[in-house]
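Inside the fold
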Number of protein chains: 2
Amino acid sequence: MGTTQLESVQEPKYWHLKTVLSEALDSDFSVGEVLPNERDLAQRFGVARATLRQALEQLELEGRLQRRRGVGTTVAPPRVGVAVATAQHGWAGEDTDGAWQPVECTTATAPSAVAAMLDTDSGELVHVVRRIRVAHGQAVAAELLYVPSSSVPELSAIEAPSGPVRARRVLKELHRLDLDGQDRSVELGSARADDAKELDRLPGAPVLVVTTRYLAAAGTAAVSVATYRADTCRLTFGDSGALEISHDEQERKAS
Amino acid sequence: MGTTQLESVQEPKYWHLKTVLSEALDSDFSVGEVLPNERDLAQRFGVARATLRQALEQLELEGRLQRRRGVGTTVAPPRVGVAVATAQHGWAGEDTDGAWQPVECTTATAPSAVAAMLDTDSGELVHVVRRIRVAHGQAVAAELLYVPSSSVPELSAIEAPSGPVRARRVLKELHRLDLDGQDRSVELGSARADDAKELDRLPGAPVLVVTTRYLAAAGTAAVSVATYRADTCRLTFGDSGALEISHDEQERKAS
DNA sequence: GAGTGGTCTAGACCACACT
DNA sequence: GTGTGGTCTAGACCACTCC
């Protein structure tokens, strides 16, 4: 005993726990409410804390819970729908709700994967603009925008030395370009230390990595790698408004 | 000793391990190669197996590794870029690489979140088409397509009884509609038991949930909820071809 | 300092895929 | 049967937040 599977079918304990907790969240808790701490919950359900944590991790991944070290576990609000621009240029500013805020601008070599998408030699220096996207008073995304010098010829190399001012300068120059379109991809990743800090998460937190290639007549004008908080964000693409789904659709019994 | 943090800075062991393993993967391993088992690896690095597993989980999440119970851990190939249709109707068939394969079709009530997007009353019966998307000989996505009867008036209620034949029939009817556009959203989720089975993953595996609302003159013609394997897929949107990024861009030293 | 979540250990057994 | 990854336990200490 002890580790024996009590359930009739062989369903992992943490999975069953997750289901029970999920239903409890729907019925007995409201957004922002604080849950009992992990040690109490584990004891209450008769499982080890590690097992309880496995269930909580899943629920956090699905955007149902929010956990903060030293504070506690709270019921998360429905995911924020953030529009990923399709037709508009990304840097025109003033998105419907969440706007991009330039943070800084440095000059560095692009990662090899980015250099491959730009038509630059790897090792070539490019402008790197750091931007943060804020929605509902919370940082939802951190971006690195790689701009080869050839895309912003008007910009003298030694101007404002690496700050928000210079970032805005680069964006302004970029805004002048005619764009032919954008290639975009979305994949799952884990937050690097720097991104995690900006997003108020721990390193390794799950993020949605949106890679955008801005195409101009001359070729690839710029490449953006934006990491969105996967726990709180729902990325929306679309011809019209936003979607209305709140979180994962209800469990559906196997047919 | 024992649990003491040996590293100069306080960086979690599993995080450091992940970095080390990641570099080893780049230099000493090739795609498809089998890693030593977890017990060996843990001992080799002088950590508990649970800690080693935390690092492996991260790498799997990032699409670097593939783990299969009873088999072992192998080096994963670069993520597959799967195009999420933008302009075309999704059900016309024959996507560039991965095509949708109808599996079955039942009649059921849509989940409340889906019913809200359709203009149906919750509780109303709709056609539910199950499709699987295959790319490179591997199932990459499982979809449930919800079609209200009003969108396919020509279809008699009691026709082919719930099978691929009926699924194709519904899609064919659907194909006749003029679409005004699509709303689409992407978010992180965990695989339900049924989806996990189709995708050859364990329940709870991370998936990218793509929710699409197909808009017709009359309103919402159909809603699709597709779950893509987050470990192996990179969703691409775009006016032109696919992106070239292989996996997470290299670590960037804090500036 | 007290309380929280985050990390880590050293075991054990289970489910599954091979042979 | 043997070996793999998956689950689970019962502890411990650490890092952080708040009082």
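Everything below is about the structure printed above this text.
This write-up is about the structure you can find in this document. Remember, predicted model here, so these are calculated numbers, not experimental data.

Calculation criteria
- Residues numbered from 1 in each chain as written.
- Chains lettered and ligands numbered in written order.
- Predicted model: local features only at pLDDT ≥ 70, side-chain atom pairs only at ≥ 80, totals over all residues.
- Heavy atoms only, no water.
- Helix = DSSP H or I, 4+ residues; strand = E, 2+ residues; numbered from the N terminus.
- Buried < 20%, exposed > 50% of the residue type's maximum accessible area, 1.4 Å probe, protein only.
- Contact = heavy atoms within 4.5 Å.
- Salt bridge = Lys/Arg side-chain N within 4 Å of Asp/Glu carboxyl O.
- Axes fitted to C-alpha atoms, helices over the stretch in contact; angles between N-to-C directions.
- Parallel < 35°, antiparallel > 145°, perpendicular 65-115°, else oblique.
- Nonpolar A, V, L, I, M, F, W, Y, C, P; charged D, E, K, R; others polar.
- Pairing = 2+ DSSP bridges.
- Near = heavy atom within 4 Å.
- Polar contact = N/O pair within 3.5 Å; in protein donor to acceptor, adjacent residues only side chain to side chain.
- Core = buried A, V, L, I, M, F, W, Y, C linked by side-chain atoms within 4.5 Å.
- Left-handed = near helix turned anticlockwise from the far one by under 90°.
- Expected span 1.5 Å × (residues − 1).

1. Structural notes on the side chain of Thr232(A)
All names here are of chain A. Within the secondary structure layout, threonine 232 lies in the loop between β9 (219-229) and β10 (233-238). Look at threonine 232 and you get buried, because its relative accessible area is 11%. Non-local contacts of threonine 232, meaning those with residues more than four positions away in its chain, are made with Arg79, Val80 and Gln138.

2. Structural notes on the pattern of salt bridges
Residue and element names in this part refer to chain A. This structure, assessed with the given rule, holds 42 salt bridges over all chains. Between arginine 67 and glutamate 38 there is a salt bridge whose closest N-O contact spans 3.1 Å. With arginine 67 in strand β1 (residues 65-68) and glutamate 38 in helix α2 (residues 38-45), this residue pair connects regions lying 29 residues apart in the sequence. Owing to a relative accessible area of 11%, glutamate 38 belongs among the buried residues under this scheme. Note that aspartate 231 is salt-bridged to arginine 229, the shortest N-O span being 2.7 Å.

3. Overview of the packing of helix α2 (residues 38-45) of chain B against helix α3 (residues 49-61) of chain B
All names here are of chain B. Close contact between α2 and α3 brings their axes to 9 Å; oriented N to C, the two are set at 105°. Comparing their axes, α3 and α2 come out roughly perpendicular. Residues Glu38, Arg39, Leu41 and Ala42 of α2 form the contact with α3, whose participating residues are Arg49, Leu52, Arg53 and Leu56. Here the contact of α2 with α3 is built from residues that sort into four nonpolar, no polar and four charged.

4. As for the pairing of β1(A)
Two faces, one strand: in a regular strand the side chains alternate between the faces of the sheet. All names here are of chain A. In the sheet, β1 pairs with strand β2 (residues 72-75) via four bridges, with the strands oriented antiparallel. Counted as the bridge partner of arginine 67 is threonine 73 from β2. Here β1 hands over to β2 after three residues, with glycine 70 in that stretch at a positive phi of 80°.

5. Things to note about unusual backbone geometry
Outside of glycine, negative phi angles account for most residues, and trans bonds account for most peptide bonds. Phi at Asp200(A) is positive, roughly 60°, even though this residue is not glycine. Relative to the helices and strands, Asp200(A) resides in the loop between α6 (193-198) and β8 (206-216). When its relative accessible area of 47% is taken as the criterion, Asp200(A) is described as partly exposed. The phi angle at His136(B) is positive, at roughly 55°, despite the residue not being glycine. On the secondary structure map, His136(B) appears in the loop between β5 (125-135) and β6 (138-148).

6. Some thoughts on the protein's contact with DNA strand D
In the neighbourhood of DNA strand D, 27 residues make up the surrounding shell, with Lys13(A), Ala48(A), Thr51(A), Asn37(B) and Arg49(B) lying closest. When atoms of DNA strand D within 4 Å of the protein are split into backbone and base, the sugar-phosphate part holds 67%. One nitrogen or oxygen atom from the side chain of Arg53(B) is found 2.9 Å from a phosphate oxygen belonging to DNA strand D. Those elements that place two or more of their residues in the surface near DNA strand D are α1 (13-28) and α3 (49-61) of chain A together with α2, α3, β1 (65-68) and β2 (72-75) of chain B. Take the surface near DNA strand D: its biggest share by element is four residues, from α3(A). Its residues placed into classes, the surface near DNA strand D shows eight nonpolar, eight polar and 11 charged.

7. Things to note about the protein's contact with DNA strand C
As a structural note, the neighbourhood of DNA strand C is formed by 27 residues, with Arg49(A), Arg53(A), Lys13(B), Ala48(B) and Thr51(B) the closest of them. When the atoms of DNA strand C within 4 Å of the protein are grouped by moiety, sugar and phosphate amount to 68% of the total. A distance of 2.5 Å separates a base oxygen of DNA strand C from a polar side-chain atom of Arg49(A). For the surface near DNA strand C, the elements supplying multiple residues, two or more each, are α2, α3, β1 and β2 of chain A together with α1 (13-28) and α3 of chain B.

8. Observations concerning the nonpolar core
Core analysis: the largest hydrophobic core is formed by 36 residues, its most contacted members being Val186(A), Tyr228(A), Leu235(A), Val82(B), Val186(B), Tyr228(B) and Leu235(B). Apart from the residues lying within four places of it in its own chain, the contact partners of Leu235(A) are Val82(A), Val84(A), Val186(A), Leu208(A), Val210(A), Tyr228(A), Arg184(B), Ser185(B) and Val186(B).

9. Let's talk about the packing of α1(A) against α3(A)
Residues and elements named next belong to chain A. Closest axis-to-axis distance for the α1/α3 pair is 8 Å, and the angle between their directions is 55°. By the angle between their directions, the pair α1 and α3 is classed as oblique. Helix-helix and strand crossings are classified by hand; for α1 and α3 the assignment is right-handed. The residues of α3 that touch α1, namely those facing Lys13, Tyr14, Trp15, Leu17, Lys18, Leu21, Ser22 and Leu25, are Thr51, Leu52, Gln54, Ala55, Leu56, Gln58 and Leu59.

10. Topic: α3(B)
With 13 residues, α3(B) ought to run about 18 Å at 1.5 Å a step, and its terminal C-alpha atoms sit 18 Å apart, in line with that. Here α3(B) has its buried residues at Thr51(B), Leu52(B), Ala55(B), Leu56(B), Gln58(B), Leu59(B), Glu60(B) and Leu61(B). For α3(B), the elements touching its buried residues are β7 (179-190) of chain A together with α1, α2, β1 and β8 (206-216) of chain B. Gly63(B) occupies a position one or two residues after α3(B) and carries a positive phi of about 80°.

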